[in-house]
Amino acid sequence: MSNFQAFDFRTKFGSRYFPSPVFTASGCAGSGKELSQFFNLDELGAVVTKSISVKPRSGRATPRMAETPSGMLNSIGLQGPGIDQFLEIDIPWLQSKGARVIVSISGETVEEYASLARKLRGVSSLHGIEVNISCPNVENRGLVFACDPSASRAVLEAVRRNIGGDYPIIAKLSPDVTDIVAIAREVISAGADGLALINTVLGMVIDIDAKRPKLAGVTGGLSGPAIRPIAVRAIYQVHKALPQIPILGMGGVASGRDALEMIFAGASGVSVGTATFGNPTAVIKVKQELQEELKARGFNSLVDAIGVAHA
Amino acid sequence: MSNFQAFDFRTKFGSRYFPSPVFTASGCAGSGKELSQFFNLDELGAVVTKSISVKPRSGRATPRMAETPSGMLNSIGLQGPGIDQFLEIDIPWLQSKGARVIVSISGETVEEYASLARKLRGVSSLHGIEVNISCPNVENRGLVFACDPSASRAVLEAVRRNIGGDYPIIAKLSPDVTDIVAIAREVISAGADGLALINTVLGMVIDIDAKRPKLAGVTGGLSGPAIRPIAVRAIYQVHKALPQIPILGMGGVASGRDALEMIFAGASGVSVGTATFGNPTAVIKVKQELQEELKARGFNSLVDAIGVAHA
Amino acid sequence: MNINPKAIQASVEVLSNKKVGAYNHMVFAVGDMAVHARPGNFVAIAVGGPSSSMILRRAFAIYRASNRGAYGGTIELVVAAHGSGSKWLSERSVHEKVDMVAPLGTAFGIPTEPVNALLIGGGYGSAPLFGLAEILKSRGCRVDMILGASTAGKIYAPLEGKRSVNIMTLTTEDGSAGEKGRVTDVMEKIIERSQVELIYSCGPMPMLAAVNEVAERSQIIHQCAVEESMACGIGVCMTCVIPMRDESGVIKMQRSCIEGPVVDGARVVFGSDRRIPEGTWGAPQ
Amino acid sequence: MNINPKAIQASVEVLSNKKVGAYNHMVFAVGDMAVHARPGNFVAIAVGGPSSSMILRRAFAIYRASNRGAYGGTIELVVAAHGSGSKWLSERSVHEKVDMVAPLGTAFGIPTEPVNALLIGGGYGSAPLFGLAEILKSRGCRVDMILGASTAGKIYAPLEGKRSVNIMTLTTEDGSAGEKGRVTDVMEKIIERSQVELIYSCGPMPMLAAVNEVAERSQIIHQCAVEESMACGIGVCMTCVIPMRDESGVIKMQRSCIEGPVVDGARVVFGSDRRIPEGTWGAPQ
Ligand SMILES: Cc1cc2nc3c(=O)[nH]c(=O)nc-3n(C[C@H](O)[C@H](O)[C@H](O)COP(=O)(O)OP(=O)(O)OC[C@H]3O[C@@H](n4cnc5c(N)ncnc54)[C@H](O)[C@@H]3O)c2cc1C
Ligand SMILES: Cc1cc2nc3c(=O)[nH]c(=O)nc-3n(C[C@H](O)[C@H](O)[C@H](O)COP(=O)(O)OP(=O)(O)OC[C@H]3O[C@@H](n4cnc5c(N)ncnc54)[C@H](O)[C@@H]3O)c2cc1C
Ligand SMILES: Cc1cc2nc3c(=O)[nH]c(=O)nc-3n(C[C@H](O)[C@H](O)[C@H](O)COP(=O)(O)O)c2cc1C
Ligand SMILES: Cc1cc2nc3c(=O)[nH]c(=O)nc-3n(C[C@H](O)[C@H](O)[C@H](O)COP(=O)(O)O)c2cc1C
Ligand code: FES
Ligand code: FES
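Residues numbered from 1 in each chain as written. Chains lettered and ligands numbered in written order. Predicted model: local features only at pLDDT ≥ 70, side-chain atom pairs only at ≥ 80, totals over all residues. Heavy atoms only, no water.

Asker: Describe the overall build of chain C, and please don't skip the residues or the numbers.
Answerer: On a plain count of helices and strands, chain C comes out with five helices and 16 strands. Here the C-alpha atoms of chain C give a radius of gyration of 18 Å, agreeing with the 19 Å that 2.2 N^0.38 yields for 285 residues. Reported as C-alpha extents along the three principal axes, the dimensions of chain C are approximately 50 × 50 × 40 Å. Per-residue burial for chain C yields a buried fraction of 56% across its 285 residues. By sequence separation, contacts in chain C at least 24 residues apart represent 63% of the contacts at least 6 residues apart. In the structure as shown, chain C presents an accessible area of about 11,900 Å², 50% of it carried by carbon and sulfur atoms. Charge-centre separation for chain C: the mean point of 28 positive side chains lies 5 Å from the mean point of 27 negative side chains. (Helix = DSSP H or I, 4+ residues; strand = E, 2+ residues; numbered from the N terminus. Rg over C-alpha atoms; globule rule 2.2 N^0.38 Å. Buried < 20%, exposed > 50% of the residue type's maximum accessible area, 1.4 Å probe, protein only. Contact = heavy atoms within 4.5 Å. Areas by Shrake-Rupley, 256 points an atom, 1.4 Å probe, with all protein chains shown as cover. Lys, Arg positive; Asp, Glu negative; His and termini not counted. Charge placed at Lys NZ, Arg CZ, Asp CG, Glu CD.)

Written out as C-alpha cells, the structure reads:
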C-alpha cells in the first residue's frame, strides 16, 4: 500500500508551507546568484538570506576565517548592503528564479529590528522572517541579545508588533547560553512562530606563529560538523519542552543522515550552511539523501518523522 | 647566549611546582596503571585522577559513547570506587610510581564536596585538588553546579574551608554557560587558586536506525579536537579578565601546537584527555612537542609564553 | 599485576588484503607484537589517516598471529566494512601502514586436560576461533564448531581454518548455507552428540546471551568474547563496560577491554543494554 | 550577469604528480572543465578524503589548461605543500581522484594591441604567468618576467614555460639564484629597459603591494592576482574579501574569489590586513 502513496516532503513554519524541508542557512548562500550556476534555487525548500541590517555594513577586517577540526570559525561581521538595496535588488532576483525566500534580519538595537520589520511588512510574497538575535546589543554593553532572555523577548515583541499578525517569524537562537529552553520560551511567548537552532558557537584560534588571535575580530563563530552534537542536543531539549513549536535545525548538516538526526530530534526542517563551502551542491545532496533515508525507514511523510527520537 | 641556558619547563598552580605543564585530563587516564605500560608516569607534569565521589558509583548504562566528527560524546556518569577505596589503593600506587597527583572530586551536594575535602586534607603529599563542578546538584533540580554562580561559589567555599589554607585548589568549569568569566570570578573569590578550562560541552547523537538517542544517558559530554576552539576562547576570555590566575587548559589537545595555542591564550598548563584514547602515548607526545615548539620560538621558559597572544 | 602488560604500539605494514565473502582478510607485518598474541586478544587500529575526523581506534579480534615466516611476526584480521572506520581499513593497499596497538585484552582459557569443546561464532566472530581450535586440537581436544550468520556470504570459514575442527556446522537465517536458523537451534543436538564439556563463543551480544542460556541450562562452562563500543581499547575511558559479577558475586560495571573481551559467560549479566542491572555496585538509587 | 558562469564540479583523475623544487607539478584529467579556463582562474579542491577533518576546499591557480591531448581536457597545477590540505593534495598518486570545482574567479585581461608586458611572480605565484605569457606572445607582445622567492628551490620556472618569455630575471632573498634581493629591486630597471606598458603580478600580498607601488609611481597599469584566505571559492561565504574601490571610487570589502583573484592593482587598498580602511562603505563608526 504505502509504496504506492506519494511521499509527502512538505513542512510548515507558521502559516507557510514549503515543498521540502531543506533550506540554505543564513550567510552561507551569498545572494543566491552564486549557487544558481550549480542548481535551480526553486529546488530548495527556501533560501534563507544572509542577515540584513538597516544600513550598509562593511563587516569585519580580514582574516575572517580559520579552519578547525571538522569545523571553521568565521567573523564576517554581518557584511551587507542594508535593507533598502537588498529589497530593491536581491529579493526580486531571488523571486524571479522561483525561490521561496526567508529574510534574516539583524540589528544593534531593538528599534533597528522594529524598523526592519516595518520595511518587510509590505513584502507579502516572502515566506517568512528569521530574526538573528546573536548580535551585540549596543544599548547594553554589547551583550548579545540571544544571551539575555529579556533582550531576546524585547526584540521578538518589536518584530511581531511591527510586522503584523500572521507573518511567519522564526527566532534564531545562540547555543552560548546556560539554558536555551528558557530563551526559547521567552521568544515564543513574545510572538515567534518557530525557532532556528543553532547559530554558531563562540570560538577562537590562536596563530601560534604570529602569537596573536588568528581572526582580526579575535573571536569567531564555530560552525560545521564539529558542532552538530551541540545542535542536536539543543533541538532535542527545545522540542521536548515545546513540542508544538516548529524548529529549523542547523549546525553541521552535510548529509541526509545528518538532517535525519535533527528531524528525529524534533526539527521540522534543516538549514545547510558550512557544508556548501566544501560542496556547492550540498543542499541538494542533503535534500535527496534525506528523502531516501526517510523512505528507507518506511515514512510516508516528513511530518511523521519529526521528533520520533522522543518516543 | 640563550642557547646555552637550560630551558625551564616548570609551571605552578597555587603553592605547588610541576616539572612540566602537560597533565592527564580527569577521567581519561584510568587509574594510571593502564598507561604505565606505555611510559613512566613521573614523566607527566601530573596525573589528574578521574573524579572521585564519596560513595562507589556504577556510572551510567551503556552505550556510553559515540564518535562524532573530530570528537566524541561520553556519558560515563562518574563511575568509581568511592573515596575510601581510592585513597587506600589508587593514590599509594600512583605515588609509588613517582607520579605527582591531583585528585579530582565530584559531589551531588555541597556537603559531599566538603566531606571529600576533609578526607583529602590529611593527604599532604598530593599536588592539589581539582574540583569538578560539572555535576548535577541533587538539591536544586539536578541543575549542574557549574551552571549556577552561587552553587559554584558554595562548593568552592566548602572545599576551601575543609581542606585548609594552602592546599592548591583548581576549580574545573563547564563551557555550557552564558558567561564563563562570571563563574570564574565567583570560584576564585570563593577560594580557588586556579581554574581548569574546559569540561566537556553538552551534546547528543541520535541513532537514526534505532530512532532514539545513541547514548543510554541521552545526552553526553563532547570532547576532542572539535571543541578546541571553544576551549581556547574560554581560556582567552578568562585570562583576560583574571590575568594572575593560573589556568589548566584542556579540550582537544592532541599535539604540541594545540597545547601552545592554549599557553599563548593564557593557560599555565594543559591536560590531555580524549587524545589518549586514539594514542596511548599522546600525553608524552604533547609534552615533547610543546617543548620543541617553545624552543623553536626562542622561549627560555614556559612561563614567558603564558598569555602572549594578549599583547 | 600490570594492565596491558604485553601491549606495543607500532606502525605496521599491510602485507595482504583480500576480499573473502562479506569480509576482508588482512595480514600485517607486526614484528614482536605477534609474540604474545593469544586467541581472544584483539588489536586497536587508528583509522582515517593524518587528518582524519575519526579520532578513536577500531578494535579487531586477532584471527591469527605468527612469529615465524618470511616477514617476521604477522597478525591477521578479518574485517567487516561496517561504518566509516572499518571501511577505511578494508580499503588499505599492500605496503600502506597503519598504527596498531596489540595484543590487548584477555585470551581464551585453554584447558589443561583434553576435553570436548564446542566453538560457536557469529559473523566475523568466527575469526578468533580458528586459532583457538588449532591450539585445542594440539592439546588433544575434540573440537566442534558452529558458525552462524544472516546469510552465506557473512560466514567466515576458510578452508585452512577448518583443519583443526572435527565437525563444522553452519547455520544461516535465510538458509543460504548450512541449516536454516540460528546457532542455538543446533547447539543442544551437538552438545549431546559430542558430549561437549566446554563452550567458547564469539559474536554479537544477543547471540552470546542465547548461547549462554543454553550453556547454563546444560551446565557447561562457557567462555565468550563480548563486544561493547570501545573508545580506547586500553582501559582508560570506561566506555566499554558491561555488568559482570566479581568473585564474590557482586555485579560491577567492568571494562570489556581489560577484563575481557574473553570472560566467563556465567559472570555476565546479559540483556542489560541501556540499563544498570538492579543490585549493581554503586547503582543510582 | 551570472556568477561562476563556467564553473563545473567534478571528480577528476590525477594523471601525473612530479616534484619540482619545492613544489609538485600535478596534471588532472578534467574533461570539459578545461574549455573555459583562462590564465588567472583558479580551481578549488576538496582535501583529505571521505572522513577528512578538513571541511574546506583549497584554492590553486591554474598553471596550464588544455582541451586537446591524449587524455581530453587537462588542468595543471603547481602545488606548494604548505599546511595539511595542500600536503594531502601533493601526496596524491596517479589514478587517484579528487573533487574539483573550476574554473573560478577572474582572468588576466589580455590587451587588444601588442604591448610590452612585464610579468612578476613570487613563489608558486609564477604558475598562472606562463600560460599568460603564451597568450601574450601569440598576440605579438614583448614578455619580460621577474620571478622571486626566498631561495632558489622556491622559484618555479620550468623550461617549457620560458619559451614565451623574452627575458627572464630571477631574484632570491638569499642570493641562491639570480640576483640577490626582491622582485621590486630589479623592477624599475626592467621597466625602463623594456619600455614596459603593462604589468601583471601574482604572489604574496606584500609583494603585490610593493609591485603596485612601483607600478603607480611609473604610471603603468597593473593587474594583480590577489590571495586572501578562502573558505568557499565560489562567493557564498564572504571570508575572502579585500578592500577595493568600485567604479565610483568607494572602498568596499569585495570578494577576491568573485571580483578576483585578478584585479586592477589601482583599485586595491593594500596594507589593510586586520583593519577596515577608513572611509570604507559601511565601516563601523
Ligand atoms: C573486542 C572486539 C573485537 C572485534 N573484532 C572484530 C573483527 O574481528 N572483525 C570486525 O570486522 N569487527 C570486529 N569488531 C567490531 C569493530 O570494532 C567495529 O565494527 C568497528 O569498531 C566499527 O567501526 P566503524 O568505524 O566501521 O563504525 P562506526 O559506527 O563509525 O564506529 C563509530 C565508533 O563506535 C565504535 N564502535 C562501533 N561499533 C563497535 C563495535 N561493535 N565494537 C567496538 N566499537 C565499536 C568504534 O570504535 C568507533 O569509535 C570487534 C569489536 C570488539 C570490541
Ligand atoms: C586564488 C588562489 C590561488 C592560489 N594558487 C596557489 C597555487 O597555485 N599553488 C599553491 O601552492 N597555492 C596556491 N594558493 C594557496 C593555497 O590555496 C593555500 O596554500 C592552501 O589553501 C593552504 O591550505 P593548507 O591546507 O595547506 O593550509 P592550512 O593552513 O591548513 O589551511 C587552512 C585554511 O585556510 C585556507 N588558506 C590558508 N592559506 C590560504 C591561502 N594562502 N589562500 C587561500 N586560502 C588559504 C585554506 O583554504 C584552509 O581553509 C592559492 C590561493 C588562492 C586564494
Ligand atoms: C560564513 C558564515 C556566515 C554566517 N552568517 C550568518 C548570518 O548572517 N546570520 C545568521 O543568522 N547566521 C549566520 N551564520 C550561521 C549559520 O546560518 C548557521 O547557523 C551556522 O553556521 C551553523 O550551521 P552550519 O554548521 O551548517 O554552518 C553564518 C555562518 C557562517 C559559517
Ligand atoms: C571518557 C571521559 C571521561 C571523563 N571523565 C571526567 C571526570 O571524571 N571528571 C572531569 O572533571 N572531567 C572528565 N572528563 C572531561 C575531561 O577531563 C576534559 O575536560 C574534556 O574531555 C576535554 O578535554 P579533551 O578534549 O582533551 O578530552 C571526561 C572526558 C571523557 C572523554
Ligand atoms: S575501551 Fe576504554 S576502557 Fe575499555
Ligand atoms: S571564498 Fe567564499 S566568498 Fe570568496
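Asker: Which residues make up the site of ligand 3, and what values do they have?
Answerer: Neighbouring residues of ligand 3: 22 residues in total, closest Ser26(A), Ser51(A), Lys172(A), Gly252(A) and Thr274(A). Chains contributing residues near ligand 3 are chains A and D. Measuring from an oxygen atom of ligand 3, one finds a side-chain N or O atom of Asn132(A) at 3.0 Å. Here Ile198(A) contributes a backbone N or O atom positioned 3.0 Å from an oxygen atom of ligand 3. The protein chains hide 95% of the 600 Å² of surface that ligand 3 would expose on its own. (Near = heavy atom within 4 Å. Polar contact = N/O pair within 3.5 Å; in protein donor to acceptor, adjacent residues only side chain to side chain.)

Asker: Outline the domain arrangement of chain C, supporting the account with residue identities and numerical values.
Answerer: All names here are of chain C. Partitioning chain C into domains gives domain 1 (8-104) and domain 2 (116-267). The gap between the C-alpha centroids of domain 1 and domain 2 is 22 Å. Carbon and sulfur atoms supply 69% of the area that domain 1 and domain 2 bury against each other, a total of about 1,700 Å² over both sides. For the pair domain 1 and domain 2, the number of links is three residue pairs in polar contact (both at pLDDT 80 or more). Elements supplying a minimum of two residues to the side of domain 1 that touches domain 2: strand E2 (23-29), strand E4 (58-61), strand E6 (74-80) and strand E7 (97-104). Classifying every residue of the side of domain 1 that touches domain 2 gives 14 nonpolar, three polar and two charged. (Domains from an automatic or database assignment. Buried area = accessible area lost by both parts, 1.4 Å probe. Nonpolar A, V, L, I, M, F, W, Y, C, P; charged D, E, K, R; others polar.)

Asker: Residue-level account of helix H5 (residues 228-241) of chain B, with values.
Answerer: With 14 residues, H5(B) extends 20 Å from end C-alpha to end C-alpha; this agrees with the ideal 20 Å at 1.5 Å per step. Buried within H5(B) are the following residues: Arg228(B), Pro229(B), Ile230(B), Ala231(B), Val232(B), Arg233(B), Ala234(B), Ile235(B), Tyr236(B), Val238(B) and His239(B). (Expected span 1.5 Å × (residues − 1).)

Asker: Please give an account of the packing of helix H4 (residues 183-194) of chain C against helix H5 (residues 205-217) of chain C that cites residues and values.
Answerer: Residues and elements named next belong to chain C. Following both chains from N to C, one finds H4 and H5 inclined at 25°, their axes separated by 10 Å at the closest point. With respect to their mutual orientation, H4 and H5 come out roughly parallel. Two packed elements cross with a definite hand, and for H4 against H5 that hand is right-handed. Facing Val183, Thr184, Met187, Glu188 and Ile191 of H4, the residues of H5 in contact are Met207, Ala210, Val211, Val214, Ala215 and Arg217. When the residues that make up the contact of H4 with H5 are grouped by side-chain class, the tally is eight nonpolar, one polar and two charged. (Axes fitted to C-alpha atoms, helices over the stretch in contact; angles between N-to-C directions. Parallel < 35°, antiparallel > 145°, perpendicular 65-115°, else oblique. Left-handed = near helix turned anticlockwise from the far one by under 90°.)

Asker: Let's hear about the interface of chain A and chain D: which residues, and what values?
Answerer: Taken together, the contact between chain A and chain D spans 45 residues of the former and 38 residues of the latter. Across the chain A/chain D interface, buried area totals approximately 3,200 Å², and carbon plus sulfur atoms make up 57% of it. If you sort the residues of chain A by the area they bury against chain D, Glu34(A), Glu67(A) and Phe277(A) come out on top, with a joint share of 19%. For the interface between chain A and chain D, the tally reads two salt bridges. The salt bridge partner of Glu67(A) is Arg58(D), with a shortest N-O separation of 2.6 Å. The tally of links between chain A and chain D comes to 20 residue pairs in polar contact (both at pLDDT 80 or more). Only strand E5 (65-68), strand E6 (71-74), strand E13 (212-213) and helix H7 (275-278) of chain A provide two or more residues apiece to the side of chain A that touches chain D. In terms of residue class, the side of chain A that touches chain D is made up of 18 nonpolar, 19 polar and eight charged. (Salt bridge = Lys/Arg side-chain N within 4 Å of Asp/Glu carboxyl O.)

Asker: Quick rundown of the sheet that holds strand E3 (residues 22-24) of chain A? Include the residues and the values.
Answerer: All names here are of chain A. Read from one edge to the other, the open sheet built from eight strands follows the order E3-E16-E15-E10-E9-E8-E7-E4, with strand pairing classed as parallel. Both edges of this open sheet fall to E3 and strand E4 (47-48), since each of them pairs with a single strand only. Of the pairings in the sheet, the one linking strand E9 (residues 169-172) to strand E10 (residues 194-197) comprises three bridges and is parallel in character. Looking at E10, one finds that Lys172 is bridged to Ala196. Those strands touched by helix H8 (residues 282-296) are E3 and strand E16 (269-272), and its axis lies near 170° from that of E3. (Pairing = 2+ DSSP bridges.)

Asker: Describe the site of ligand 2, with residues and values.
Answerer: Surveying the vicinity of ligand 2 reveals 22 residues, the closest of which are Ala59(D), Gly83(D), Gly85(D), Ser86(D) and Glu227(D). Ligand 2 sits at the junction of chains A and D, each of which supplies nearby residues. Within the backbone of Ala59(D), one N or O atom sits 2.5 Å away from an oxygen atom of ligand 2. With respect to ligand 2, the backbone of Ala61(D) contributes an N or O atom lying 2.8 Å from a nitrogen atom. Taking 810 Å² as the accessible area of ligand 2 by itself, protein coverage stands at 88%. Those elements giving two or more residues to the shell around ligand 2 turn out to be E5 of chain A together with strand E4 (58-66), strand E5 (74-80) and helix H1 (84-90) of chain D. No other element matches E4(D), which puts four residues into the shell around ligand 2.

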